[in-house]
Amino acid sequence: PQHTVSWYRETELGKLASSTMGGVRQQLMAAVLVAVALMATAAEGYITQKTWGAIRRANRAGPFVGLVVPNTYEMVPVLESPSFVASKSVPNMDIQGRRFRFGTIEGQSVVMVMTGLSMLNAGLTTQMLLSLFRVKGIVHWGIAGNANEDLQIGDVTIPEYWAHVSLWNWQRFGDGKDNELPLEAAGDYTREYGFLNFSDYTVGQSNPELSANHLNSIWYQPEEIFPASGEPEERQHAFWVPASKRYYALAKKLEGMELPACVNATTCLPRAPRVTRVSKGCSANVFLDNAEYRQFLRKQFGCTPVEMESAAVALVAHTQGVPFLTIRSLSDLAGGGSALRARERGQDLPRHRR
């Protein structure tokens, strides 16, 4: 019977697949062993005893507030501020491609480091900072795109929660929202945080034949985390990562700050910028310049600043049990369309990185 033949084929195919996977695993293990042997003569990747000595000397000035910043142009204003006094004994220290700058701000010992662009750089640098130095808290700042049409360019936002929104489970074509995701039953993936269906953004949706999209849907996923306070190798999950309650409460005092509305005599904003605490910020390894996706993120997650580093800083600080706060100044409304835009003699101001 046809049913018996199908069952037999599936059984044989199952055996073949199992045998093939076993062979792949053996090949992978052999490749790993060869790679380890080759690396025996590779360049040193560890920190030297001389550098460890310098780290111990620098830590005598701690504990520090860690200052984490994505780019040079976001760091230089603080370095040039009269409030920042560089350490005379250890002004800076270069370790594995990162420069850590030491000093004080209003008597508080600080160590400042630039991460570079992206979630990977931000997370890696923050972990180095916390692993090497006596850091009691982190303040992270920079520029971000804006997803909140109630705010304008120049407004300074302080989110209470951060999420990484570029970790996805990409669903196969033909499956829908009621279909279980691959590995969902094992707890690897979830449908808890919602999805984006590409067909919803297809031009010509009135024609079903034209609106179907083989890209189907992406489902947003939480990060796997391994908190320092937990059991090693026992994962937990985190999507919304909270800022320090104490830091966030203190940030309320910043909301009354008066900020200048004009850059110069000809370049002014429609109103003076405001410092405001907001509910949520979103990070991804994506430069967002698309109005439709900006509006989706705002509707789905309630994001205000959208950028490429803060969630990584938040996740590392969270797993290490270190309090943190992020401050992000808004550039243009991501993807355009803002009702409140800065003008310079009728021209839009240049867009900043986000």
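Residues numbered from 1 in each chain as written. Predicted model: local features only at pLDDT ≥ 70, side-chain atom pairs only at ≥ 80, totals over all residues. Heavy atoms only, no water.

- The chain has the name Nucleoside phosphorylase domain-containing protein in an unreviewed UniProt entry, where Aegilops tauschii subsp. strangulata is given as its organism.

Overview of the nonpolar core
Then comes step 1: One finds Met93, Ile95, Phe100, Phe102, Phe133 and Ile138 to be the most contacted residues of the largest nonpolar core, which totals 43 residues.
Then comes step 2: The element contributing the most residues to this core is helix H8 (residues 310–320), with seven residues.
Then comes step 3: Among residues more than four places away in sequence, those in contact with Phe133 are Ile55, Ala58, Asn59, Phe64, Met93, Ile95, Phe100 and Phe102.
Then comes step 4: If you look at the next biggest cluster of nonpolar residues, it comprises 18 residues, including Tyr220, Tyr293, Cys303 and Val306. (Core = buried A, V, L, I, M, F, W, Y, C linked by side-chain atoms within 4.5 Å. Buried < 20%, exposed > 50% of the residue type's maximum accessible area, 1.4 Å probe, protein only. Helix = DSSP H or I, 4+ residues; strand = E, 2+ residues; numbered from the N terminus. Contact = heavy atoms within 4.5 Å.)

What to know about the pairing of strand S1 (residues 64–69)
Then comes step 1: With six of six residues buried, S1 is to be regarded as a mostly interior element.
Then comes step 2: Neither face of S1 is exposed, since Phe64, Gly66 and Val68 on one face and Val65, Leu67 and Val69 on the opposite face are all buried.
Then comes step 3: Summarising the sheet, S1 and strand S5 (residues 108–114) pair through five bridges and their orientation is parallel. Pairing of Val65 across the sheet is with Val110, part of S5. (Pairing = 2+ DSSP bridges.)

Considerations on the sheet that holds strand S9 (residues 195–197)
Then comes step 1: The strand order across the open sheet built from three strands is S8-S10-S9, with neighbouring strands paired in antiparallel fashion. In this open sheet, the two strands that pair with only one neighbour each are strand S8 (168–170) and S9. With direction set aside, neighbouring strand axes in the sheet form an average angle of 20°.
Then comes step 2: Here S8 runs beside strand S10 (residues 217–220); their pairing, made up of three bridges, is antiparallel. Bridge pairing in S10 links Asn169 to Trp219.
Then comes step 3: Helix H7 (residues 291–301) contacts S8, S9 and S10 of the sheet and is inclined by roughly 145° relative to S9. (Axes fitted to C-alpha atoms, helices over the stretch in contact; angles between N-to-C directions.)

Comments concerning the pattern of salt bridges
Then comes step 1: Tallied over the full model, the rule gives 10 salt bridges.
Then comes step 2: The closest approach of N and O atoms between Glu149 and Arg294, which form a salt bridge, is 3.1 Å. You can see Glu149 sitting in the loop between strand S6 (135–146) and strand S7 (156–164) and its partner Arg294 sitting in helix H7, a full 145 residues away along the chain.
Then comes step 3: Accessibility expressed as a relative area gives 49% for Glu149, which makes it partly exposed. (Salt bridge = Lys/Arg side-chain N within 4 Å of Asp/Glu carboxyl O.)

A look at the packing of aromatic side chains
Then comes step 1: For the coordinates displayed, the defined rule picks out 15 aromatic pairs.
Then comes step 2: Ring centres 5.3 Å apart and planes at 75° place the aromatic pair Phe102 and Phe133 in the edge-to-face group. In this pair, Phe102 is assigned in strand S4 (residues 98–105) and Phe133 in the loop between helix H4 (119–132) and S6, connecting sequence segments 31 residues apart.
Then comes step 3: Among the residues examined, Phe133 registers a relative accessible area of 4% and is labelled buried.
Then comes step 4: Where Phe195 meets Trp219, the ring centres are 4.5 Å apart and the plane angle is 35°; that geometry is what we call tilted. Of the two residues, Phe195 sits in strand S9 while Trp219 sits in strand S10, which places them 24 residues apart along the sequence.
Then comes step 5: Take Phe195: its relative accessible area is 27%, and that puts it in the partly exposed class.
Then comes step 6: Members of the aromatic cluster, joined through ring pairs, are Trp168, Trp170, Tyr193, Phe198, Tyr220, Phe239, Trp240, Tyr293, Phe296 and Phe301. (Phe/Tyr/Trp six-rings, centres within 6.5 Å; stacked < 30°, edge-to-face > 60°.)

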